[in-house]
Amino acid sequence: MTASISAWIWSEKFWLPENVSWADLEHPPAGAEYPRLQHMLSHAFPLAAGVLLLRLLFERLVAKPCAHILQIQTGVPRRAQPNAVLERLYQANTCPDTRQLEGLSKQLDWEERKIQRWFRIRRNQDRPSTQKKFCESMWRFTFYLVIFIYAICHLWVSPWTWDTRQCWYNYPFQPLSPGQYNHYVAELAFYWSLMVSQFTDIKRKDFMIMLVHHLATIFLITFSYANNMLRAGTLVMCVHDASDIFLEAAKLANYAKYQKLCDSLFVVFSIIFFLTRLIIFPFWIVNSVLFESWQIIGPYQAWWLLNGLLLVLQSLHIIWFYLIARIAVKALFKGKVSKDDRSDVESSTDEDISSNGNKNSCQKSKVRDSSHTTVLNGETYDH
């Protein structure tokens, strides 16, 4: 039973071009090696645990001292008065509606404004500190910067970087290079670590979206490694990492309250995003995977799936760039990058919402949030 399921999952008709079998890939030329998925996974999972440990050390020994130098304090939020009734409702609904407020007012003999204030303080109590967000962003900035430099170093001297048709010559009988292997294992380990740390990191409104995103990224990395599309795969990963460096740098400047630097970095990020994901990615990489591979090796079942995923990703790039461009224009002409309404669970600043004269501060909060574009403090569009 297990053997038949494995044979169905790893069907040669699906994964490999016509007249190519897994057995053909088990005997590479002398001194060469073809990708073996089991080999990469056996290294990626332990490395993911190592990445999590490295992150903890990095945040404690590097990021936090940097935050102290930049005078980014942890901040101790004001704590809400203990109240079992309000706490029980808060666990179910952090923003009670007007009817609930009226019921609580009668039950507790409190004014509605006092209850609103209690919920505002309670939400602030759960809100992550700027220092924590700074440390998270600094870790991602460091990883993207290091992995991008490493990718450029081994891709710069690779002939298929400059002539993408070489991604498909003699495919899938293309030897695995140490640079390709290290790049793939590092990226896969990083995203497996994100899968775990997402449950302990700052809780964001798009938690499920990001969970699906990380799973899709892991699938694509594993997919392209399994059928030896490493040459195109490393180009895709490198192109996507380029803009993420500047996004995380803009966040760091934002948390450190260097607003002009933040605005400048965000504009640079927008330009890099446009060049890499709307110019280089579709006209260089997708063009090669879609058209050049058709001419050289011809389509097969996995080929259709891969190109479908890349085209979906390109559609998302267009949508994301529209959102990014709106913020970049505000940064250029209004001098300030908009706040991200999904940066944490309760992203709007309730402190500057007066409870005087409004029915529900949460309602005003949500209205205001809906007018902001979701980019700066999140990574919704990463990879």
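Predicted model only: the values in this text are computed from it and were never measured.

**Q** Explain the packing of aromatic side chains to me, please; I cannot follow it from the model alone.
**A** When we look at a pair of aromatic rings, we describe it by the centre distance and by the angle of the planes. Evaluation of the coordinates by the stated rule reveals 24 aromatic pairs. Where phenylalanine 143 meets tyrosine 144, the ring centres are 5.9 Å apart and the plane angle is 65 degrees; that geometry is what we call edge-to-face. Per residue, the accessibility class of phenylalanine 143 equals that of tyrosine 144, and both read buried. Ring geometry for tryptophan 156 versus tryptophan 162: centroids 4.9 Å apart, planes at 85 degrees, classification edge-to-face. Residue tryptophan 156 is classed as exposed on the basis of its relative accessible area, which comes to 56%. Taken together through their ring pairs, the aromatic side chains of Phe266, Phe269, Phe273, Phe274 and Phe321 make up a single cluster. Here lysine 114 stacks its cationic end above the ring of tryptophan 110, 4.2 Å away from the centre of that ring.

**Q** I'm lost on a nonpolar patch on the surface in this one. Help?
**A** Residues Ile271, Phe274, Leu275, Ile279, Ile280 and Phe283 make up a contiguous nonpolar surface patch of roughly 530 Å² in combined accessible area. As for its position among the elements, phenylalanine 283 is in helix α12 (residues 259-296).

**Q** For this particular structure, what's the right way to read the side chain of histidine 317?
**A** Within the element layout of this structure, histidine 317 appears in helix α13 (residues 301-333). Since its relative accessible area comes to 0%, histidine 317 is described here as buried. At 3.1 Å, the side chain of histidine 317 and the side chain of histidine 240 are in polar contact.

**Q** I keep staring at unusual backbone geometry and nothing clicks. Help me out?
**A** A negative phi holds for most residues other than glycine; trans holds for most peptide bonds. The amide bond that connects tyrosine 171 to the next residue, proline 172, takes the cis arrangement and shows omega of 5 degrees. Phi at asparagine 228 takes a positive value of approximately 60 degrees, unusual for a residue other than glycine. Residue class for asparagine 228 comes out buried when judged on its relative accessible area of 4%.

**Q** I would appreciate a short explanation of the environment of serine 224 in the present structure.
**A** Assignment of secondary structure puts serine 224 in helix α10 (residues 207-226). For serine 224, a relative accessible area of 8% corresponds to the buried category. With ten residues separating them along the chain, serine 224 and threonine 234 place their C-alpha atoms 9.5 Å apart. Sequence-distant contacts of serine 224, defined by excluding residues within four places in its chain, comprise Tyr184, Met229 and Leu230. For serine 224, the side chain forms a polar contact with the main-chain oxygen of isoleucine 221, separated by 3.2 Å.

**Q** Could you clarify how one ought to interpret the environment of leucine 275 in this entry?
**A** Among the secondary structure elements, leucine 275 is positioned in helix α12. With relative accessibility at 41%, the residue leucine 275 sits in the partly exposed group. Separated by 32 residues in the primary sequence, leucine 275 and serine 243 have C-alpha atoms spaced 9.2 Å apart.

**Q** Would you mind showing me how to read the pattern of salt bridges here?
**A** Pairing is possible between side chains of opposite charge, provided their charged atoms come close. Scanning the model with the defined rule gives six salt bridges in all. Between glutamate 248 and lysine 251 there is a salt bridge, with the nearest N and O atoms lying 3.1 Å from each other. Remark: lysine 251 and glutamate 248 occur in helix α11 (residues 230-255); sequence separation between them is three residues, near one turn of the helix. Comparing glutamate 248 with lysine 251 shows no difference in burial state: the two are buried. Salt bridges here are not isolated pairs; linked through shared partners, they connect Lys132, Glu136, Arg140, Glu248 and Lys251.

**Q** Can you walk me through helix α4 (residues 84-92) in this structure?
**A** Within an α-helix, residues lying three or four positions from one another point in the same direction, as the helix has 3.6 residues per turn. Among the residues of α4, Leu86, Leu89 and Tyr90 are the ones counted as buried. Take α4 and look down its axis: the buried residues cluster within an arc of 105 degrees, on one side only. Relative to its buried face, α4 has exposed residues pointing more than 90 degrees away, namely Ala84, Arg88, Gln91 and Ala92. Tucked inside the fold, the buried residues of α4 contact α5 (98-108) and α6 (112-126).

Definitions and limits used
Residues numbered from 1 in each chain as written. Predicted model: local features only at pLDDT ≥ 70, side-chain atom pairs only at ≥ 80, totals over all residues. Heavy atoms only, no water. Phe/Tyr/Trp six-rings, centres within 6.5 Å; stacked < 30°, edge-to-face > 60°. Buried < 20%, exposed > 50% of the residue type's maximum accessible area, 1.4 Å probe, protein only. Lys NZ or Arg CZ within 6 Å of the ring centre and 35° of its normal. Patch = residues over 30% accessible without salt bridge, like charges linked within 9 Å, V, L, I, M, F, W, Y side chains within 5 Å. Areas by Shrake-Rupley, 256 points an atom, 1.4 Å probe, with all protein chains shown as cover. Salt bridge = Lys/Arg side-chain N within 4 Å of Asp/Glu carboxyl O. Helix = DSSP H or I, 4+ residues; strand = E, 2+ residues; numbered from the N terminus. Polar contact = N/O pair within 3.5 Å; in protein donor to acceptor, adjacent residues only side chain to side chain. Contact = heavy atoms within 4.5 Å. Arc of directions from axis to C-beta.

In short, the description is geometric, and any link to function would need to be established separately.
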